[in-house]
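Residue strings, one per chain:
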Amino acid sequence: MTYVHLTPHRRALAPVVVAAMLLLGSPAALAQFYTFSGAVSTSPTNQFPINGAVQTLNLTGFNLLVGNSAVGSFSALANAQLTANQLAIGNSGPGAVGTVVLTGAGTTANLVAASGTRMGVGGWGIGTLTVSGGAVLDAASTACTSGCGTFIGEAAGSTGVLNLSGVGSEVRALGITIGQSTVFTNPPSGFNFGTPGATTNASVNVTGGGKLTTERVIVGSNNATPNGNSSESANGTVVVDGVGSRWLVKGNSLGAVGDRAAGMTIGNLARGEGTVTIRNQGTLLIDGTGGPGPNDFLNIGSNGGRGTLTVTGVGSSVDVVGIDTFINVGRSGAGAQGTFNVLAGATASTLFMNVGRFAGTSGTVLIDGAGSQLKQVGVGINQSPLNTGGAFGLIGRAGGQGQVTVSNGGRWLLSDGGGNDLVAGHGPGIFVGREAGSVGSLTISGAGSRVELISTSLGLAPGEPDNYNPFVAVSREAGSTGTLSISGGGKLLMTGNAVSTVTNSRTTHLAIGGNDDASGGRQGIATVTGAGSEIIVTGMDSLINVGRGTASNGTLNVLDQGRVAATSIVVGAYGTGTLNVDNATLAFSGVRANPATGAGGTIGRGAGGSGTLALSSGAQVTIESNILAGGLNIGGDSFAAGGSGIVSLTGGSALVVSGSAADNGIAVGRNGSGVLSLAGASTVTVGPGNIIVGREAGGVGLLSMTGGSTVNADYIGLGIRLGIETGGIATMIVNNSTVNVGTLEIGLLGFLGGNNSTINGHVIAHGTVSPGESPGRLVINGRINTGSGLLLLDVESNGVGGYNIDELILTENSTFDFRGMEVRFNFIGDTDPNAFAASGGMDLDNFLRSRDNDDGTLSGLSTRFVDNVTWGTWFASSQFSATSDRFNVSDFRFDPVSGVISFEATVPEPASLVLAMLGLLGAAVASRRRAS
């Protein structure tokens, strides 16, 4: 029933008057400002019924109750002016159903209570509040001593709805909770409020240009206190939809000192669930500007609750501005889950972000679609090394689990924005799995999708410390796990513009599986796959670490036309690192200021460090250094001795070291143990530059080639570096492959062997040359000369009366000089030295051969001798010896003219056979040890 209070005289005339006024067009005489029906009253005393034709309804000192324990409705129409202490809609029991409509331009409702709840929609019952058509409800402007908040759905079992629509329509509130499950029972609380075990459902809809202005916000909070039975739940839903539709969240004036930051929590406490959607150019702004901080915030999933925030569509936005702002997705409490979606061209911004903040929490962030962007730009005001500095994102922190996906053209930007981050000591960055027990995942997929980190320089005088450069750590501390996945054209772009110096290092740093030398198991894996997919680390001192720190483990996979670029890389520094490059590219260029080095990297560094670089299916690795010497170290480097490294190339892969800087090159077993192997027509090119195997004392290196592979270099040193013995142990095995070199120098502890291969260049042998691979042939096209080296020649019976022997083949234009070299014949297995000699095999022309360059015809090397030159000329001061598994070989005689060698070979007496065999075995092992 609608109450229109008139005098008795006017009541009798009312129908006639109304009709006449309609005909006369006098609407002012019919102005109707309020309508009401059912359970509508005020407290502490009831002022109803009221005169609905009076524009100003002043209920100061009274609470307006609509649907209190029963069904009631109340409307304030165009230009109505309402004031009350409190507004309660649908309160005091399951039968309470209240509906309030505030509509029309000029309509205002002011709630002015100094304490207690100013507005409740669905306190304990069903409540609906509609504000539309330019109406304004203000529950925030007057002073408050305590409380004064707003509840949409407060007690367990309630339903609360706030509909706010239309340009000029506005609701202003102080602290607001949307969906709460409070329970009081009698006894023990002395009164009843809420239904134990029940669910509260609350919703707020801001549409058509409406504006909601609040302070501290909670959406979906299952507090169930003090008398709940642990089965209550609370659901809160907010939609901000349409052009001009806006939700503004301001500082918390109701909070105690230290708790006045602007903030919103979506999904609070176990079985508290909140969902907020901003769409179709709607906006959400959490604004703590001018407030005290310390952190203005947006929490999605807190204290065990579940929260979802989605912002979607071009022009839609979510922004958190103010003091050291945070978005926490999955913040705290066991079981807390947070989801944050930025979709279809929408934008969002904050300064810092945690995804999966504490143990037991999980968070998911999705930035999807062209134009969709999350921006984190700036530097914290209340700087501290732990929480602030340049903008950062933490994915999986303090035992939490976090996942961020940037897809289909989405963008995540982190930058210092030109601010000064020197106090905090770090620039913009991302941690993917930070502390023990944390699990983090970052996925970048699809063309145009990118995660960018950018630092700026402060532009200070030379020598002054500059800002800090970006960092990304995929598993940072002991016990954490991190995963980075880039595919389908996605990109991770890190640009460090701050100036780095020896005094003030400013590394631009990507760390996968540990970012320092500290002990502890960090587990990180990164994969870049697909054409256009990239990791690009540029700017000052750009560095990639894979597996750094004792017991840490890192893996970087670059696959299927993916690409990774930086200045330097270290794989396996005191930990275990694996770098797989399959049909993909690595590119290193530039220079590092601290330490002062050119482009390149190290595979395996430091005690316990183990690194592997595997190139396959046409993979390409390029290293270019034009200012400072760079290149590749395999097994230790100049900064940390020791470690083991393996670099393998298969399937036509290529490793190229280039640039104008002196001493560029590759060190295999620099001061640790290293292996460089090529197979399947792969190529290593160093030019200008050197390859040194066993570069320093303590270094052990192996360079192995097979399957049509090629090495190109100015200089190759095996246990020697440009004529200076290094003390390193070095082995080079060349099978069915080619070496193009200016000079190949074999040190005292160096070994050169291989079969069916060609060395184009100058060979200097101070160590061991062993043609073939038990037995076989090796071609030298250029020059060979010796000092104190060893020429090891194998002989093996083929079991049918013939013999396989090693052949050192010199091309027609090659020059040679074997003076001072020891020549050792090694009779393998059961081979009888006497039978071999009787066959005429002990002629140097059988072992040392010449190849005609025109037709490839082979002949004895002596055919190349000029007049008056004999074998004695080229083997002056040489020594000859032999080893055998079964025979004692002695009494060597060398004919310097014919090149024929004779000896005595006897079978040891049985009594001495064991000792002889042991001695021969030791000699054989020693002679072949370098080959292994």
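Structure first, text after, so check above.
Below you will find a few notes about this structure. (Residues numbered from 1 in each chain as written. Predicted model: local features only at pLDDT ≥ 70, side-chain atom pairs only at ≥ 80, totals over all residues. Heavy atoms only, no water.)

Here's the deal with the environment of Gly98
- Position of Gly98 relative to the elements: it lies in strand E6 (residues 97-103).
- Owing to a relative accessible area of 2%, Gly98 belongs among the buried residues under this scheme.
- When the C-alpha positions of Gly98 and Val66 are compared, they lie 5.2 Å apart, and in sequence the two are 32 residues distant.
- In contact with Gly98, other than residues within four places in its own chain, are Val66, Gly67, Gly72, Ile89, Gly90, Ile126, Gly127 and Thr128. (Helix = DSSP H or I, 4+ residues; strand = E, 2+ residues; numbered from the N terminus. Buried < 20%, exposed > 50% of the residue type's maximum accessible area, 1.4 Å probe, protein only. Contact = heavy atoms within 4.5 Å.)

Thoughts on the pattern of salt bridges
- Summed over all chains, the structure comprises 22 salt bridges.
- Arg434 is the partner of Glu435 in a salt bridge, and the nearest nitrogen-oxygen pair spans 2.8 Å. Residues Glu435 and Arg434 agree in their burial class; the two are buried.
- Among the charged side chains, a network of salt bridges with common partners joins Asp138, Glu170 and Arg172. (Salt bridge = Lys/Arg side-chain N within 4 Å of Asp/Glu carboxyl O.)

What about the layout of surface pockets?
- If you add up the space inside the largest pocket, you get close to 640 Å³.
- Lining of the largest pocket is provided by 39 residues; of these, Thr597, Thr602, Asn633, Ser638 and Phe639 occupy positions nearest its centre.
- When contributions to the lining of the largest pocket are tallied by element, the ones reaching two or more residues are strand E46 (542-548), strand E49 (568-573), strand E53 (597-598), strand E54 (600-605), strand E57 (631-634), strand E60 (665-668) and strand E62 (683-693).
- For the lining of the largest pocket, the residue count by class is 13 nonpolar, 18 polar and eight charged.
- Approximately 400 Å³ is the volume attributed to the second largest pocket.
- The wall of the second largest pocket is formed by 23 residues, among which Gly425, His426, Gly427, Phe471 and Asn515 lie closest to the centre.
- Broken down by secondary-structure element, the contributors of at least two residues to the lining of the second largest pocket are strand E34 (392-395), strand E40 (471-474) and strand E43 (508-512).
- Class assignment for the residues of the lining of the second largest pocket results in twelve nonpolar, eight polar and three charged. (1 Å grid on protein atoms, 1.4 Å probe; cavity = no way out; pocket = protein on both sides within 12 Å on 5 of 7 lines; lining within 4 Å. Points joined across faces, edges and corners; volume = space filled by probe spheres on them. Nonpolar A, V, L, I, M, F, W, Y, C, P; charged D, E, K, R; others polar.)

As for the state of the cysteines
- Per the counting criterion, the structure on display carries one disulfide.
- One disulfide bridge connects Cys144 with Cys148, the sulfur atoms lying 1.9 Å from each other. Because the sign of the S-S torsion sets the handedness, a value of about 95° for the bond joining Cys144 and Cys148 places this disulfide among the right-handed ones. (Disulfide = S-S within 2.5 Å.)

Quick notes on empty space enclosed by the protein
- Under the counting rule described, the total for this entry stands at one cavity of 30 Å³ or more.
- Approximately 50 Å³ is the volume attributed to the largest cavity.
- Of all the elements in the fold, those that place two or more residues in the lining of the largest cavity are strand E51 (585-589), E54 and strand E56 (620-624).
- Looking at the lining of the largest cavity residue by residue, the classes come out as nine nonpolar, two polar and no charged.

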